[in-house]
Amino acid sequence: MRIILLGPPGAGKGTQAKTLAIRLNMPHISTGDILRQNVSKATDLGKKAKDYMDKGLLVPDELVTEMVGSRIDQPDAKKGFILDGYPRNISQAESLDSLLKARNITIDKVFDLSASEAVIVQRLSGRLACSGCNANYHIKNMPPKKAMICDNCGSKLYQRADDKEETIKKRLEVYKKESAALIKYYSAQKNLQEICADKDAEIVLNEMVGFVSGR
Ligand code: ADP
Ligand code: AMP
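Undergrad: Looking at this model, I keep getting lost on the site of ligand 2. Mind explaining?
TA: In the vicinity of ligand 2 lie 16 residues, with T31, R36, L57, G85 and Q92 positioned nearest. R88 places a side-chain nitrogen or oxygen 2.9 Å from a nitrogen atom of ligand 2. Here R160 contributes a side-chain N or O atom positioned 3.0 Å from an oxygen atom of ligand 2. The leading source of residues in the shell around ligand 2 is helix 2 (residues 31–40), at 4 residues. By residue class, the composition of the shell around ligand 2 is 7 nonpolar, 4 polar and 5 charged.

Undergrad: Even after reading the chapter, I still don't get helix 3 (residues 44–55), so can you show me in this structure?
TA: For an α-helix, the turn length of 3.6 residues means that residues three or four places apart are oriented alike. Inspection of helix 3 places L45, G46, A49 and M53 among the buried residues, and these make up the whole buried set. Seen from one end, helix 3 has its buried residues packed into an arc of 75°, which puts them on one side. Facing away from the buried surface of helix 3 by more than 90 degrees, the exposed residues are D44 and K47. The secondary structure elements touched by the buried residues of helix 3 are helix 2, helix 4 (61–72) and helix 7 (165–188). Just past helix 3, the residue G56 takes up positive phi, approximately 80°.

Undergrad: I keep staring at the layout of surface pockets and nothing clicks. Help me out?
TA: To find leftover empty space, one rolls a probe the size of a water molecule over the atoms. The volume enclosed by the second largest pocket comes to roughly 490 Å³. If you list the elements that add at least two residues to the lining of the second largest pocket, you get helix 1 (13–24), strand 2 (28–30), helix 2 and strand 6 (136–138). When residues in the lining of the second largest pocket are grouped by element, the largest group, 5 residues, is from helix 1. Broken down by class, the residue content of the lining of the second largest pocket amounts to 9 nonpolar, 8 polar and 4 charged.

Undergrad: What am I meant to see in the state of the cysteines here?
TA: Cysteine pairs can be linked by a disulfide, which is a covalent bond between their two sulfur atoms. If you walk through the whole model with that rule in mind, you get 0 disulfides. C130 takes part in no disulfide bond, and the closest cysteine sulfur, belonging to C153, lies 3.5 Å away. For C150, which is in no disulfide, the shortest distance to another cysteine sulfur is to C130 and amounts to 3.7 Å. For C150, a relative accessible area of 3% translates into the label buried.

Undergrad: I keep staring at the site of ligand 1 and nothing clicks. Help me out?
TA: Taken together, 18 residues form the shell around ligand 1, and within it G10, T15, R127, Y137 and K199 come nearest. Take A11: an N or O atom from its main chain is 3.3 Å from an oxygen atom of ligand 1. In the model, a nitrogen atom of ligand 1 is placed 2.8 Å from a nitrogen or oxygen of the K199 main chain. When the free accessible area of ligand 1 is taken as 570 Å², the share hidden by the protein chains comes to 93%. At the level of elements, helix 1 and strand 6 are the ones that each hand at least two residues to the shell around ligand 1. In the shell around ligand 1, the residues fall into 6 nonpolar, 7 polar and 5 charged.

Undergrad: Where do I start with the packing of helix 5 (residues 90–102) against helix 7 in this structure?
TA: When two helices pack together, their arrangement is given by the angle between the helix axes and the distance between those axes. Contact geometry for helix 5 and helix 7: axes closest at 9 Å, N-to-C directions at 35°. Each of I90, A93, E94, L96 and D97 in helix 5 lies in contact with helix 7, whose residues at this interface are A181, L182, Y185 and Y186. Grouping the constituent residues of the contact of helix 5 with helix 7 by class yields 7 nonpolar, no polar and 2 charged.

Undergrad: What is the right way to read the packing of aromatic side chains from this model?
TA: Pairs of aromatic rings are described using the distance from one ring centre to the other and the angle between the two planes. Inspection of the entire model under this criterion finds 2 aromatic pairs. Centre to centre, the rings of F111 and F211 are 6.4 Å apart; their planes meet at 50°, and the pair counts as tilted. Of this pair, F111 sits in strand 4 (residues 109–114) while F211 sits in helix 8 (residues 201–212), and the two are 100 residues apart along the sequence. Given the relative accessible area of 0%, F111 is considered buried. The class for F211 is partly exposed, based on a relative accessible area of 32%. A centroid spacing of 5.2 Å and a plane angle of 80° characterise the contact between Y185 and Y186, whose relative ring orientation is edge-to-face. In terms of burial, Y185 and Y186 fall into one category: buried.

Parameters at a glance
Residues numbered from 1 in each chain as written. Chains lettered and ligands numbered in written order. Predicted model: local features only at pLDDT ≥ 70, side-chain atom pairs only at ≥ 80, totals over all residues. Heavy atoms only, no water. Near = heavy atom within 4 Å. Polar contact = N/O pair within 3.5 Å; in protein donor to acceptor, adjacent residues only side chain to side chain. Helix = DSSP H or I, 4+ residues; strand = E, 2+ residues; numbered from the N terminus. Nonpolar A, V, L, I, M, F, W, Y, C, P; charged D, E, K, R; others polar. Buried < 20%, exposed > 50% of the residue type's maximum accessible area, 1.4 Å probe, protein only. Arc of directions from axis to C-beta. Contact = heavy atoms within 4.5 Å. 1 Å grid on protein atoms, 1.4 Å probe; cavity = no way out; pocket = protein on both sides within 12 Å on 5 of 7 lines; lining within 4 Å. Points joined across faces, edges and corners; volume = space filled by probe spheres on them. Disulfide = S-S within 2.5 Å. Areas by Shrake-Rupley, 256 points an atom, 1.4 Å probe, with all protein chains shown as cover. Axes fitted to C-alpha atoms, helices over the stretch in contact; angles between N-to-C directions. Phe/Tyr/Trp six-rings, centres within 6.5 Å; stacked < 30°, edge-to-face > 60°.

Dropping the structure here:
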């Protein structure tokens, strides 16, 4: 099973993908997480990506597509994967189709997670990320048991640099500019499912599991 999660920043893609990945026993591939790891290790890719990410802009398509290509070739992704944060525009969707075609595989389901702007801003402004294992928390909605410490691995939690007001605005602007065409692209492929992600995380997850299992 191969799944794509679309939706604005803050819709809950990462949160849902992590749980869905455990349920379906397949890797969660988040381009944002991979890029942030590269930035923190100051790799060549990280150095090239950092400026774009700090400004809330998209990292150039070719860098991200190459990264996704090598990630889906890893042994753990052979039987399936959940893509979170990629593709983000038509050019990336077309590149992904080429990557899939070359490997003789297809996407089974595309979920488009929607949330109101007020919910998005509330979620992003309180989001906390783990510096060790990429787990996701929210200062009010999903607080860790111990303040600023990850329940899973005990590492420190931090607020993402791009979750400040100005950058959130820019990221939403970029999303609005690119998303309509992307949704049209996948709705033409007939495997798109819209999901209202304003609700409780468990309700959203159950809805997605229902669609995946054909319930
Ligand atoms: P995305 O990956 O789409 O940018 P995240 O999964 O990181 O979004 O979620 C953004 C923030 O909202 C996180 O702090 C997360 O804990 C919180 N969150 C995610 N889903 C929900 C939900 N259904 N209800 C309340 N808060 C949520
Ligand atoms: P995310 O973790 O999905 O919110 O992504 C954080 C940032 O990483 C984005 O604002 C972009 O700068 C960059 N990024 C993540 N995925 C992509 C992508 N598919 N294409 C271009 N840039 C990306």
